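Remarks on the overall topology
Given next are the chains, with one letter for each unit.
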Amino acid sequence: MKKIAIEDLIQLLGMVGIIGSLIFVGLEMRQSQRIAMAGQQMERTAITTNGFTAFNEAGLDWHSVAFLNRPELADQYPPGIAAGRNNFHQTLFIYENDYFQFEQGLMPENVWQAKLEALAFFYNQCNYRDIMMIRKSFFPPGLIAVIDSLPDECEG
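First, a word on scope: everything that follows refers to the structure included in this document. Since this is a predicted model, take the numbers as computed values, not measurements. Residue positions are given per chain, counting from 1 as you read along its sequence in written order. Only residues with pLDDT of at least 70 get local features here, since the model is predicted, and only at 80 or more are side-chain atom pairs given and counted; chain-wide, interface and lining totals rely on the full set of residues. The side-chain numbers reported here are obtained from all heavy atoms of the structure, hydrogens and water having been left aside.

On to the packing of aromatic side chains, then. The criterion for an aromatic pair is that two Phe, Tyr or Trp rings (for Trp, the six-membered ring) have centres within 6.5 Å, with stacked assigned to planes under 30 degrees apart, edge-to-face to planes over 60 apart and tilted to the rest. Inspection of every chain in the model, using the stated rule, returns 11 aromatic pairs. Pairing Phe52 with Phe93 gives two aromatic rings, centres 6.2 Å apart and planes at 55°, and the pair type is tilted. One end of the pair, Phe52, is in helix 2 (residues 52-58); the other, Phe93, is in helix 4 (residues 79-103), and 41 residues separate them in sequence. Taken individually, Phe52 and Phe93 each receive the classification buried, so the pair is uniform in this respect. Among the aromatic residues, those joined into a ring-pair cluster are Phe52, Trp62, Phe67, Phe93 and Phe138. Placement of a positive charge over a ring is assigned whenever Lys NZ or Arg CZ falls within 6 Å of the ring centre and within 35 degrees of the normal to the ring plane. The ring of Phe93 has Arg135 sitting right over it, with the charged end atom 3.8 Å from the ring centre. A run of DSSP states H or I qualifies as a helix once it reaches four residues; a run of E qualifies as a strand once it reaches two. Both are numbered from the N-terminal end. Between buried and exposed lies partly exposed: a residue is buried under 20% and exposed over 50% of the maximum accessible area for its type, with that area taken using a 1.4 Å probe on protein chains only.

Helical geometry note: an α-helix holds 3.6 residues per turn, so side chains three or four residues apart project in the same direction. The set of residues buried in helix 7 (residues 141-148) consists of Leu143, Val146 and Ile147. Relative to the axis of helix 7, the buried residues are bounded by an arc of 95° and lie together on one face. We call two residues contacting when some pair of their heavy atoms lies within 4.5 Å. Against the buried residues of helix 7 lie helix 4, helix 5 (109-123) and helix 6 (129-136). This arc is built from the directions going out from the helix axis to the C-beta atoms.

Let us now look at the packing of helix 4 against helix 6. Closest axis-to-axis distance for the helix 4/helix 6 pair is 10 Å, and the angle between their directions is 35°. In the packing of helix 4 onto helix 6, the handedness of the crossing is right-handed. Listed contacts from helix 6 to Arg85, Phe88, His89, Leu92, Phe93 and Glu96 of helix 4 are Asp130, Ile131, Met132 and Arg135. When the residues that make up the contact of helix 4 with helix 6 are grouped by side-chain class, the tally is five nonpolar, one polar and four charged. Axis angles are defined between N-to-C directions and span 0 to 180 degrees, where every axis is a line fitted to C-alpha atoms and, for a helix, only to the segment in contact. When the near helix sits turned anticlockwise from the far one by under a right angle, the crossing is termed left-handed; a clockwise turn instead gives a right-handed crossing. Under the grouping applied here, Gly and all other residues not named as nonpolar or charged are polar, the nonpolar ones being Ala, Val, Leu, Ile, Met, Phe, Trp, Tyr, Cys and Pro and the charged ones Asp, Glu, Lys and Arg.

Okay, the state of the cysteines next. When two cysteine sulfur atoms lie within 2.5 Å, the pair is treated as a disulfide. With the rule as written, the count across this model stands at one disulfide. Here Cys126 engages in a disulfide with Cys154; their sulfurs sit 2.0 Å apart. Across the S-S bond linking Cys126 and Cys154, the dihedral sits near -95°, which makes this disulfide left-handed. One end of the pair, Cys126, is in the loop between helix 5 and helix 6; the other, Cys154, is in the segment after helix 7, with 28 residues separating them in the sequence. Since its relative accessible area comes to 38%, Cys126 is described here as partly exposed.

Contact geometry for helix 1 (residues 6-50) and helix 4: axes closest at 10 Å, N-to-C directions at 175°. Taken together, the axis directions place helix 1 and helix 4 in an arrangement best described as roughly antiparallel. Across the interface between the two elements, Met37, Ala38, Gln41, Met42, Thr45, Thr48 and Thr49 from helix 1 touch Gln90, Phe93, Ile94, Asn97, Phe100 and Gln101 from helix 4. Within the contact of helix 1 with helix 4, the residues separate by chemical class into six nonpolar, seven polar and no charged. An angle below 35 degrees is treated as roughly parallel, one above 145 as roughly antiparallel, one from 65 to 115 as roughly perpendicular, and anything else as oblique.

Structure follows, in structure tokens:
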């Protein structure tokens, strides 16, 4: 068997070290990108949910304006009912963000499981099922599958 020269061994170890460093840097860049995307998603959610404050203070229904494109109907509900509808929408935006965070590996499994239990509670607020069905069509397919797997206490 041929002996490997010490210089060749040092070069080989150096190359392995460089390759290992490049892999590490690549993984770190990928993680940084996921964190940045999650931050952008969270910021969009925060901006949207903050917008509900004005509707609640005015006693107006956000759904009538944003989804029905009928601002003349925004005051059709008493302020308490409008606030409940607005809260439901706001909560769905938060769950959409939570799903994104979980899918990016940025939310622990036990936290996601707790979120799913709360999502099941919101899903089964039958008086808001019309809102859920409209909003669900805008969710990513994975979140739709999660919602569709929840027990439905509103059927029948």
